[in-house]
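# Per-entry structural report
Given next are the chains, with one letter for each unit.
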Amino acid sequence: MLSEYHLFVEEFCKNPGITWFMKPYIPLKAWLYRGGFACFSNTRFTLNSRDDCYVHLTNVAVQKTASDYDPGKGCKLVTDQLGQCSTARCGAGLVEVLFADMDNTYIHSLQSVQKVISSDKHCFELYSYDILIHQDLKPEGWLLEVNASPSLTASSQEDSELKCHFLKDTLHIVDRESRRVKMFITFCCYDGRKKQLKQLFRNLPAQQKV
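Heads up: these notes are all about the structure in this document. Bear in mind that the values here come from a model prediction, so they are computed numbers and not experimental data. (Residues numbered from 1 in each chain as written. Predicted model: local features only at pLDDT ≥ 70, side-chain atom pairs only at ≥ 80, totals over all residues. Heavy atoms only, no water.)

Right, let's talk about the state of the cysteines for a bit. Here, disulfide denotes a covalent bond that connects the sulfur atoms of two cysteines. The tally for this structure, following the rule as stated, stands at zero disulfides. Cysteine Cys39 is unpaired, with the sulfur of Cys75 as its nearest cysteine sulfur at 8.3 Å. (Disulfide = S-S within 2.5 Å.)

What follows deals with unusual backbone geometry. Even without being glycine, Ser149 reaches a positive phi, approximately 50°. Looking at the element boundaries, Ser149 is found in the loop between β4 (142–148) and α6 (157–174). (Helix = DSSP H or I, 4+ residues; strand = E, 2+ residues; numbered from the N terminus.)

Attention now moves to the packing of helix α4 (residues 79–90) against helix α5 (residues 92–112). Two elements in contact, α4 and α5, have axes whose closest approach is 7 Å; the angle formed by their N-to-C orientations is 140°. On the basis of their axis angle, the class for α4 and α5 is oblique. Residue-level inspection shows Thr79, Gly83, Ser86, Thr87 and Cys90 of α4 in contact with α5, the latter providing Ala92, Leu94, Val95 and Phe99. Across the contact of α4 with α5, the residue classes break down as five nonpolar, four polar and no charged. (Axes fitted to C-alpha atoms, helices over the stretch in contact; angles between N-to-C directions. Parallel < 35°, antiparallel > 145°, perpendicular 65-115°, else oblique. Contact = heavy atoms within 4.5 Å. Nonpolar A, V, L, I, M, F, W, Y, C, P; charged D, E, K, R; others polar.)

Attention now goes to the pattern of salt bridges. Inspection of every chain in the model, using the stated rule, returns three salt bridges. Notably, a salt bridge pairs Arg34 with Asp103, separated by 3.1 Å at the nearest N-O pair. In this pair, Arg34 sits in the loop between α1 (3–14) and β1 (37–39) while Asp103 sits in helix α5, placing the two residues 69 residues apart along the sequence. Here Arg34 falls in the exposed class, since its relative accessible area comes to 60%. By relative accessible area, which is 22% here, Asp103 ends up partly exposed. One salt bridge connects Lys163 with Asp159, and the closest N-O pair in it is separated by 3.4 Å. Taken together, the positions of Lys163 and Asp159, both in helix α6 and four residues apart, correspond to about one turn of that helix. (Salt bridge = Lys/Arg side-chain N within 4 Å of Asp/Glu carboxyl O. Buried < 20%, exposed > 50% of the residue type's maximum accessible area, 1.4 Å probe, protein only.)

So, about the nonpolar core. Within the largest apolar cluster, five residues are counted, these being Val95, Leu98, Met102, Tyr106 and Leu137. Sequence-distant contacts of Tyr106, that is, excluding residues within four places in its chain, are made with Leu32, Tyr129 and Ile131. (Core = buried A, V, L, I, M, F, W, Y, C linked by side-chain atoms within 4.5 Å.)

A few words now on a nonpolar patch on the surface. A surface patch of nonpolar side chains, amounting to about 400 Å² of accessible area, comprises Trp31, Phe124, Ile173 and Val174. By the secondary structure assignment, Phe124 is in the loop between α5 and β3 (127–132). (Patch = residues over 30% accessible without salt bridge, like charges linked within 9 Å, V, L, I, M, F, W, Y side chains within 5 Å. Areas by Shrake-Rupley, 256 points an atom, 1.4 Å probe, with all protein chains shown as cover.)

Attention shifts here to the environment of Thr105. For Thr105, the position within the fold is in helix α5. Once the C-alpha coordinates of Thr105 and Gly141 are considered, the two residues, 36 residues apart in sequence, prove to be 9.4 Å apart. Sequence-distant contacts of Thr105, that is, excluding residues within four places in its chain, are made with Tyr129, Ile131 and Leu143.

On to the packing of aromatic side chains. Under the criterion given, the structure shown has two aromatic pairs. On the numbers, 5.3 Å between centres and 65° between planes, the contact of Tyr33 with Phe166 is edge-to-face. Note that Tyr33 is positioned in the loop between α1 and β1 and Phe166 in helix α6, a separation of 133 residues in sequence. Ring plane angle 65° and centroid distance 4.8 Å describe the contact between Tyr106 and Tyr129, whose orientation is recorded as edge-to-face. A residue pair is termed long-range when its members are at least 10 positions apart, and Tyr106 in helix α5 and Tyr129 in strand β3 qualify at 23 residues. Above the ring of Phe37, the side-chain terminus of Lys76 is found at 3.9 Å from the ring centroid. (Phe/Tyr/Trp six-rings, centres within 6.5 Å; stacked < 30°, edge-to-face > 60°. Lys NZ or Arg CZ within 6 Å of the ring centre and 35° of its normal.)

Mapped onto the elements, Glu125 comes out in the loop between α5 and β3. Judged by relative accessible area, Glu125 falls into the partly exposed class, the value being 38%. Each C-alpha atom, one on Glu125 and one on Ser149, is 6.7 Å from the other, the two residues being 24 residues apart in sequence. Once residues lying within four places of it in the same chain are set aside, the contact partners of Glu125 are Ala148 and Ser149. Within the local environment of Glu125, its side chain forms a polar contact with the side chain of Ser149, the two groups lying 2.8 Å apart. (Polar contact = N/O pair within 3.5 Å; in protein donor to acceptor, adjacent residues only side chain to side chain.)

Here it is, written out as structure tokens:
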């Protein structure tokens with residue numbers, strides 16, 4: 001029972017004749033998408049160049065401006081690849097602990113702000129988590145920030161596929177009848193804007209085309 005309900009019971013015992021208006025408690029629901037990616041710098045890490053942003057910042061917006069950046073290769077590993085590489089280096093046991101602790105991070109962070117998150121059943125929000133992982137997976141990771149409505153711009157074909165699958169799952173959850181999935185999923189395509197729009201209008205019914 002939440003602390004507010006303990007307080008209600010205590011006050012009601014003191015003043016049983018008072019009329020109380022209780023707001024129904026709506027539990028927070030969250031879905032975790034198992035896909036994700038790890039960001040790396042395009043330049044090998046070293047502490048000898050502390051002012052070099054290409055060494056210390058893994059943001060794609062920064063890395064893609066490097067002279068030797070390869071947009072086809074990118075600087076990301078999907079979650080499965082990260083798990084395989086980490087298992088090869090540190091063993092399966094530490095990797096299992098790492099991912100379990102990251103799951104706990106998602107849960108505890110949402111619990112800490114549950115009271116201020118909108119409980120409107122007609123609304124939803126997307127969150128992305130930035131977690132710093134030590135090279136030896138010890139300690140398991142540090143939560144850097146949580147982004148609301150994160151960017152879904154794709155930086156590579158692999159990134160595009162991951163985000164398209166993520167959007168499709170999201171729309172299946174919020175749109176029970178799955179009527180709008182095909183119409184909106186093309187916005188995350190890695191191809192050009194004109195190709196996206198052509199694909200969008202091909203998916204629309206004839207009477208909705210302008």
